[in-house]
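Structural characterization, general
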Amino acid sequence: MSSALPWFEMPNPFDPDGGRVLMLEPPWACAEALQSQLLDETYPKPYVMDDGERRFLHFNERLIQSAMRLAAPNELDLRYTQKMMSFLLFRSRPRRLVLIGLGGGSLVKFCHARLPATHVTVLENNPDVIALREAFLVPPDSPNLKVLEADGAEYLEQTEKGIDVLLVDAFDSTGFAPSLANREFFEQAHSRLTGSGVLVVNLAGDKQRYDGLIGVVMQLFDDQVIVVPVPEDDNHVLLAFRDPLFEPDWRRLRALARELRAKYGLDFPDFLEKIERSAKLGLARREAGRGH
């Protein structure tokens, strides 16, 4: 860690076994006052916990926003981020990818490193999160990578159509970002995707924030929606397909999943198995509902 970077470092007050906390504070800040704010959850900015092996982004002590293994900073450490990459089963060569929510940069680093032909735009409305990008080794902007301080909903209103993959992984200290938890946002998402585009949403935190949104997305995407549980992280990943005639060829996808596992080192066959199970369960429920 470069001492020239504007972070304040102190022992982790939550971990008696060691580790440290990195904060967006000047070197002369009062450690005792900052520790008190961390412990009573009044500290207003995101911060980083580092245990020597992993680095975690937090808004409070209870909710991990992102995780990075220092020995493999471009790999996906949390299971839900791995499952969000399951869009590659359906769009294996996206040209334009938009990610709402930078967090600790896990998804953007993986996409930028492993999909070099894809243009990646990241939207993050919290400047303090962007200020921590170097702590998580997010690469600098380049012709194929842009990190913008912007509201995701406003960006979609203004941008042109033609997004192949839209990833939504946006949270505040209590859960799913409130500015995105509405019908208007998902209408914009639907309208900005290509005809075969895919929307991928990480659903976590307070379930009341997003429970009704699944029904909204199903209505807007003509029921072409699959919601996959991620029990390891207590999350769900929602996949929505812009093509109203989308119909997965599960046999072909199983062969592709094996190819993608060999190429990217992620367990795509397991992802596909869970996606197929969730898709068939969802279809059975909808047909049962129509029967009544």
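Heads up: the structure comes first, above all this text.
Notes on the structure in this doc start here. Model, not experiment: these values are computed from the prediction. (Residues numbered from 1 in each chain as written. Predicted model: local features only at pLDDT ≥ 70, side-chain atom pairs only at ≥ 80, totals over all residues. Heavy atoms only, no water.)

1. Quick word on the overall build of the protein
If you tally the helices and strands in the protein, you get nine helices and 14 strands. In terms of principal-axis extent, the alpha carbons of the protein reach across some 65 × 40 × 40 Å. Buried positions account for 50% of the 292 residues belonging to the protein. When contacts within the protein are restricted to residue pairs at least 6 apart in sequence, those whose partners lie at least 24 apart make up 63%. Carbon together with sulfur atoms contributes 50% to the accessible area of the protein, which is approximately 13,900 Å² in total. The average position of the 34 basic charges and that of the 43 acidic charges among the side chains of the protein differ by 9 Å. (Helix = DSSP H or I, 4+ residues; strand = E, 2+ residues; numbered from the N terminus. Buried < 20%, exposed > 50% of the residue type's maximum accessible area, 1.4 Å probe, protein only. Contact = heavy atoms within 4.5 Å. Areas by Shrake-Rupley, 256 points an atom, 1.4 Å probe, with all protein chains shown as cover. Lys, Arg positive; Asp, Glu negative; His and termini not counted. Charge placed at Lys NZ, Arg CZ, Asp CG, Glu CD.)

2. Brief notes about the nonpolar core
Membership of the largest hydrophobic core comes to 69 residues, with the highest contact counts inside it found for Met85, Phe87, Leu89, Phe90 and Phe268. Element by element, the count of residues in this core is highest for helix α8 (residues 250-264), at six residues. Leaving out residues up to four positions away in the same chain, Phe87 has contacts with Pro94, Leu97, Leu115, Val165, Leu167, Val198 and Val200. Phe176, Ala177, Phe185 and Val201 belong to the second largest nonpolar core, which has 32 residues in total. (Core = buried A, V, L, I, M, F, W, Y, C linked by side-chain atoms within 4.5 Å.)

3. Observations regarding the sheet that holds strand β4 (residues 54-58)
A sheet is described by the order of its strands in space; here five strands give the open sequence β1-β2-β3-β4-β5, paired in antiparallel fashion. In this open sheet, the two edge strands, each paired with only one partner strand, are β1 (8-11) and β5 (64-69). Across the sheet, the axes of successive neighbouring strands diverge by a mean angle of 20 degrees, strand direction being ignored. Where strand β2 (residues 20-23) and strand β3 (residues 47-50) come together, three bridges link them in antiparallel fashion. (Pairing = 2+ DSSP bridges. Axes fitted to C-alpha atoms, helices over the stretch in contact; angles between N-to-C directions.)

4. Points about the layout of surface pockets
Taken as a whole, the second largest pocket encloses approximately 320 Å³ of empty space. When residues of the lining of the second largest pocket are traced back to their parent elements, those giving at least two are β13 (225-230) and α9 (268-291). Broken down by element, the residue count for the lining of the second largest pocket peaks at four residues, all from α9. Here the lining of the second largest pocket is composed, by residue class, of 10 nonpolar, one polar and five charged. (1 Å grid on protein atoms, 1.4 Å probe; cavity = no way out; pocket = protein on both sides within 12 Å on 5 of 7 lines; lining within 4 Å. Points joined across faces, edges and corners; volume = space filled by probe spheres on them. Nonpolar A, V, L, I, M, F, W, Y, C, P; charged D, E, K, R; others polar.)

5. Examining unusual backbone geometry
With a phi close to 55 degrees, Leu137 is a non-glycine residue in the positive phi region. For Leu137, the position within the fold is in the loop between α4 (127-131) and β8 (145-149). According to the relative accessible area criterion, Leu137 is partly exposed, its value standing at 45%. In this structure, Asp223 takes a positive phi of about 65 degrees despite not being glycine. Turning to its location among the elements, Asp223 is positioned in the loop between α7 (207-220) and β13.

6. What to know about empty space enclosed by the protein
In this approach a probe as big as a water molecule rolls over the atoms, and the regions it shows empty are the leftover space. Tallying each qualifying case throughout the model produces two cavities of 30 Å³ or more. Considered as a void within the structure, the largest cavity measures approximately 70 Å³ in volume. Residue lining of the largest cavity: 14 residues in total, with Leu102, Gly105, Ser106, Leu107 and Asp169 positioned closest to the centre. Listing elements by their share of the lining of the largest cavity, those giving two or more residues are β5, α2 (79-84) and α3 (106-114). In terms of residue count, α3 provides more of the lining of the largest cavity than any other element does, three residues in total. Considering only residue class, the lining of the largest cavity consists of five nonpolar, eight polar and one charged.

7. Let's talk about the pattern of salt bridges
In the structure shown here, the tally under the stated rule is 16 salt bridges. Between Glu273 and Arg277 there is a salt bridge, and its shortest N-O distance comes to 2.9 Å. With Glu273 and Arg277 both in helix α9, this residue pair falls four residues apart, about one helical turn. A network of salt bridges, in which partner residues are shared, links Glu9, Arg20, Asp50 and Arg55. (Salt bridge = Lys/Arg side-chain N within 4 Å of Asp/Glu carboxyl O.)

8. Some points on the sheet that holds strand β9 (residues 163-168)
If you trace the seven strands from one edge of the open sheet to the other, you get β8-β7-β6-β9-β12-β14-β13, paired in mixed fashion. Of all the strands in the sheet, the pair left with one neighbour each is β8 and β13. Taking the axes of each pair of neighbouring strands and ignoring which way they run, one obtains an average angle of 15 degrees across the sheet. Across five bridges, strand β6 (residues 96-100) lies against strand β7 (residues 119-124) in parallel orientation. Paired with Leu99 across the two strands is Val122, which belongs to β7.

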